[in-house]
Every structure is written in structure tokens, then in C-alpha cells.
Amino acid sequence: MNEENKNLEENFDNVPEKRDYEEELLNLVKSDIPPEQLKRELENYHENDIAAILPELSKAERIK
């Protein structure tokens, strides 16, 4: 293995894992936290991530 390939491989080993925003959001929306706190928490997520979980929510959870 040449030096360049070795450096590339080492860099890939140091890449942090991608967060599972959809799973985090689903857990958040399905939790029993007060609506005001839920709103504050949701402000930390991108609109596309929030939109991606809508099909997974019940009608009541979407309204919430």
C-alpha cells in the first residue's frame, strides 16, 4: 500500500459516525415532553429531517 492510500485509509477511520436524526426526532416527538419543550427541541433540527419522519407519525403525533 502506498503512502497516499495509507493516509486516505487512516482518514476514513477518523470520520465520525453520522447521527441518525430521524431516529432522534421520532423518539423526541413520541416522548411525553411538554409542547413548549418539544418546540424548542425541534428548532435544533433541519426542516428536511423533520419532514422525513412525518410518514412515520400518527395523525395525533403530527398534530402535536
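The coordinates are above.
Keep in mind it's a predicted model, so treat the numbers as computed, not measured.

J.: I would appreciate a short explanation of the nonpolar core in the present structure.
T.: Burial of nonpolar side chains together is a common tendency in soluble globular proteins. Ranked by size, the top nonpolar core spans eight residues in total: L25, L26, L28, V29, L38, Y45, I53 and L57. Sorting elements by how many residues they give to this core places helix α2 (residues 21–30) first, with four residues. Setting aside its immediate chain neighbours within four residues, I53 contacts E22, L25, L26 and V29.

J.: Explanation requested: the packing of α2 against helix α3 (residues 35–42) in the structure shown.
T.: Relative placement of two packed helices is described by the angle separating their axes and the distance separating the axes. Remark: α2 packs on α3, axes separated minimally by 10 Å, with the N-to-C direction vectors making an angle of 165°. It follows from the interaxial angle that α2 and α3 lie roughly antiparallel. Crossing hand, α2 versus α3: left-handed. Along the contact surface, α2 presents L25, L28 and V29, while α3 presents L38, E41 and L42. By residue class, the composition of the contact of α2 with α3 is five nonpolar, no polar and one charged.

J.: Would you explain the environment of Y21 in this entry?
T.: Tracing the backbone through its elements, the reader meets Y21 in helix α2. Setting aside residues up to four positions removed in sequence, Y21 forms contacts with Y45 and D49.

J.: What exactly am I supposed to notice about the pattern of salt bridges here?
T.: Close approach of charged atoms allows side chains of opposite charge to pair. Under the defined criterion, the tally for this structure stands at one salt bridge. In this structure, E61 and K30 form a salt bridge, with 3.2 Å as the shortest nitrogen-oxygen distance. One end of the pair, E61, is in helix α5 (residues 59–63); the other, K30, is in helix α2, and 31 residues separate them in sequence. A residue is classified by how much of its surface remains accessible, and K30, at 44% relative accessible area, is partly exposed.

J.: How do you make sense of α2 when you look at a structure like this?
T.: All buried positions along α2 are accounted for by L25, L26, L28 and V29. Taken end-on, α2 shows its buried residues confined to a sector of 165°, consistent with a single buried face. Here the buried face of α2 lies against α3, α4 (47–53) and α5.

J.: Help me understand a negative patch on the surface, please; the structure alone is not making it clear to me.
T.: On the surface, D20, E22, E23 and E56 cluster together into a negatively charged patch. Examined against the element boundaries, E23 turns out to sit in helix α2.

The rules behind these values
- Residues numbered from 1 in each chain as written.
- Predicted model: local features only at pLDDT ≥ 70, side-chain atom pairs only at ≥ 80, totals over all residues.
- Heavy atoms only, no water.
- Core = buried A, V, L, I, M, F, W, Y, C linked by side-chain atoms within 4.5 Å.
- Buried < 20%, exposed > 50% of the residue type's maximum accessible area, 1.4 Å probe, protein only.
- Helix = DSSP H or I, 4+ residues; strand = E, 2+ residues; numbered from the N terminus.
- Contact = heavy atoms within 4.5 Å.
- Axes fitted to C-alpha atoms, helices over the stretch in contact; angles between N-to-C directions.
- Parallel < 35°, antiparallel > 145°, perpendicular 65-115°, else oblique.
- Left-handed = near helix turned anticlockwise from the far one by under 90°.
- Nonpolar A, V, L, I, M, F, W, Y, C, P; charged D, E, K, R; others polar.
- Salt bridge = Lys/Arg side-chain N within 4 Å of Asp/Glu carboxyl O.
- Arc of directions from axis to C-beta.
- Patch = residues over 30% accessible without salt bridge, like charges linked within 9 Å, V, L, I, M, F, W, Y side chains within 5 Å.
- Areas by Shrake-Rupley, 256 points an atom, 1.4 Å probe, with all protein chains shown as cover.
- Lys, Arg positive; Asp, Glu negative; His and termini not counted.
- Charge placed at Lys NZ, Arg CZ, Asp CG, Glu CD.

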